[in-house]
Amino acid sequence: MPPKKKAKTSSYAMPQQPMEYASHMRDQMRERVELESSGKKKTLNYDIEQNIREIRAILAVNAEIFDRCMVSIKSSVDPSSDSFSPVVSFKRCSFDVVEVRPVNSTIQFITEPVPSKREFDLRSLMKLPDSLADTFAIKHKDKPHSSFIDYGTFFQNSLALHENVLGPFLANLKDHLESVQVCLGEIDEWILGPSSNIKYIYSLFGIKLHQPSNFGVFVRDCDCPQGTHSLDDICQRCGKTFGSHKEGRNARRCGFPYNSDSSSVSDASSVSDSSSDSDSSSDSDEEDYPFQCKIFHLLKQCHESDVYRRTFDISKEDGREELNNFLDFLTSS
């Protein structure tokens, strides 16, 4: 029977002296940080002073952009939830279309605020790369943004590292914060995108618009001049056409009651047609409500015998050029 093989033992003994042990552990940490970053396409700069200056500047810019973006966040983020996802929805309002419509013997140029949303992956704001993870206990931002890492505190804590480790650590931290800045920049650019349309409208019509801050209010009780709406326009309160509403003292009347939480006809879908018909057939003005139309801004109104109905997508250069040409045509005719 052959003799049993002895288990292999490491030829390197762990240092026993405290300072040698501390030095050994720092070396291991440095090797780990450098190993995790070795796969990066770009060469990292380990200059500590330069990285500290640049990280502080990046953190200041990131904080400013973060505060702007969080105003427009639509979906809540809860890492403790079973359905947690780093993909988060943001919202904005924009004036993308200028509409031309006939009203009595005039034509109007109007625009409406259009709400929209878009999803962004915020993984870089919530999770550290392997080269930085398991170094310090991660502190998160205060509520309501407690899903996001407090990179300012994380950076300050990292300065307690020995210089042997601090060089590669800060280089990796700066590289990651740059990716955070790219992520925030994409969100910021999308949210601020409508400002280009607002500037264009001001240059063309002299009307200064502002992006709506109340994302839930895009409709109003109609007080438009007679002839503003076609019979096919949709009531934002009940979802029925303008022509199906009965005549009232001052405006077309609607049998669907006012709902302060309602910003679209979808909230009216739960009311049956029979109940709406019953309410709208009432003879009492106290039981009726005005036709509800979308909020719009009048940009220009001019007398014109011909009837024009056109829309121009001013978020695109082609749409702006078409609108410019149409205005020139009206001026010359």
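See the structure above.
Residues numbered from 1 in each chain as written. Predicted model: local features only at pLDDT ≥ 70, side-chain atom pairs only at ≥ 80, totals over all residues. Heavy atoms only, no water.

(A) Up close: the overall build of the protein chain. Each helix and strand counted, the protein chain has eight helices and ten strands in total. Within the span of the protein chain, comprising 333 residues, buried residues form 38% of the whole. Once local pairs closer than 6 in sequence are excluded, the contacts in the protein chain between residues at least 24 apart make up 70%. (Helix = DSSP H or I, 4+ residues; strand = E, 2+ residues; numbered from the N terminus. Buried < 20%, exposed > 50% of the residue type's maximum accessible area, 1.4 Å probe, protein only. Contact = heavy atoms within 4.5 Å.)

(B) How the structure looks around helix α6 (residues 194-205). Between the first and last C-alpha of α6 there are 16 Å, a value that for twelve residues agrees with the 16 Å anticipated at 1.5 Å per step. Turning to α6, its buried residues are Pro194, Asn197, Ile198, Tyr200, Ile201 and Phe205. Take α6 and look down its axis: the buried residues cluster within an arc of 160°, on one side only. Away from its buried face by more than 90 degrees, α6 exposes Lys199 and Ser203. (Expected span 1.5 Å × (residues − 1). Arc of directions from axis to C-beta.)

(C) Geometry of the pairing of strand β2 (residues 97-103). Summarising burial for β2: five of the seven residues are buried, a large majority. Sheet topology places β2 next to strand β10 (residues 310-313); four bridges connect them, and they run antiparallel. Of the residues in β10, the one forming a bridge with Val97 is Asp313. Relative to strand β3 (residues 106-111), β2 is paired through six bridges, and the arrangement is antiparallel. When the bridges of β3 are listed, Glu99 appears paired with Ile110. Between β2 and β3, which pair antiparallel one after the other, the connecting turn spans two residues, and Asn104 there sits at a positive phi close to 55°. (Pairing = 2+ DSSP bridges.)

(D) Fine view of the packing of aromatic side chains. Counted by the stated rule, this structure contains eleven aromatic pairs. Judged by centre distance (6.0 Å) and plane angle (55°), the ring pair of Phe109 and Phe326 falls under tilted. Of this pair, Phe109 sits in strand β3 while Phe326 sits in helix α8 (residues 317-332), and the two are 217 residues apart along the sequence. Owing to a relative accessible area of 5%, Phe326 belongs among the buried residues under this scheme. Ring geometry for Phe154 versus Phe169: centroids 5.9 Å apart, planes at 35°, classification tilted. With Phe154 in helix α4 (residues 151-158) and Phe169 in helix α5 (residues 163-192), the pair connects residues that are 15 residues apart, well separated along the chain. On the basis of relative accessible area, Phe154 is assigned to the buried category, the value being 4%. By the ring-pair criterion, three or more aromatic residues cluster together here, those being Phe109, Phe205, Tyr308, Phe312, Phe326 and Phe329. A cation over a ring is seen here: Arg101 above Phe296, with NZ or CZ 4.5 Å from the ring centre. (Phe/Tyr/Trp six-rings, centres within 6.5 Å; stacked < 30°, edge-to-face > 60°. Lys NZ or Arg CZ within 6 Å of the ring centre and 35° of its normal.)

(E) Structural detail: unusual backbone geometry. That bond from Lys143 to Pro144 is cis: its omega, 10°, falls within 30 degrees of zero. Assignment of secondary structure puts Pro144 in the loop between α3 (123-126) and α4.

(F) Representation of the pattern of salt bridges in the model. Tallied over the full model, the rule gives seven salt bridges. In this structure, Asp121 engages Arg123 in a salt bridge whose closest nitrogen and oxygen atoms are separated by 3.0 Å. A relative accessible area of 37% means that Asp121 is categorised as partly exposed. A relative accessible area of 45% places Arg123 in the partly exposed class. Residue Arg237 pairs with Asp221 through a salt bridge whose shortest N-O separation is 2.9 Å. Placement of Arg237 in the loop between β5 (219-221) and β6 (253-254) and of Asp221 in strand β5 is noted, with a sequence separation of 16 residues between them. The exposure class assigned to Asp221 is partly exposed, which follows from its relative accessible area of 36%. (Salt bridge = Lys/Arg side-chain N within 4 Å of Asp/Glu carboxyl O.)

(G) Region of interest: the sheet that holds β10. Reading across from one edge, β9-β3-β2-β10 is the order of the four strands in this open sheet, with antiparallel pairing throughout. Two strands in the sheet have a free side with no partner beyond their single neighbour: β9 (297-303) and β10. In this sheet, adjacent strand axes meet at a mean angle of 20° when their direction is disregarded. Against the sheet, α8 makes contact with β2, β3, β9 and β10, and its axis sits at roughly 135° relative to β10, the strand it touches most. (Axes fitted to C-alpha atoms, helices over the stretch in contact; angles between N-to-C directions.)

(H) Molecular detail of the packing of helix α2 (residues 48-70) against α5. Contact geometry of α2 with α5 gives a least axis separation of 9 Å together with a crossing angle of 25°. Taken as axis vectors, α2 and α5 run roughly parallel relative to one another. Handedness of the α2/α5 crossing: left-handed. Here the residues of the contact of α2 with α5 sort into 19 nonpolar, five polar and six charged. (Parallel < 35°, antiparallel > 145°, perpendicular 65-115°, else oblique. Left-handed = near helix turned anticlockwise from the far one by under 90°. Nonpolar A, V, L, I, M, F, W, Y, C, P; charged D, E, K, R; others polar.)

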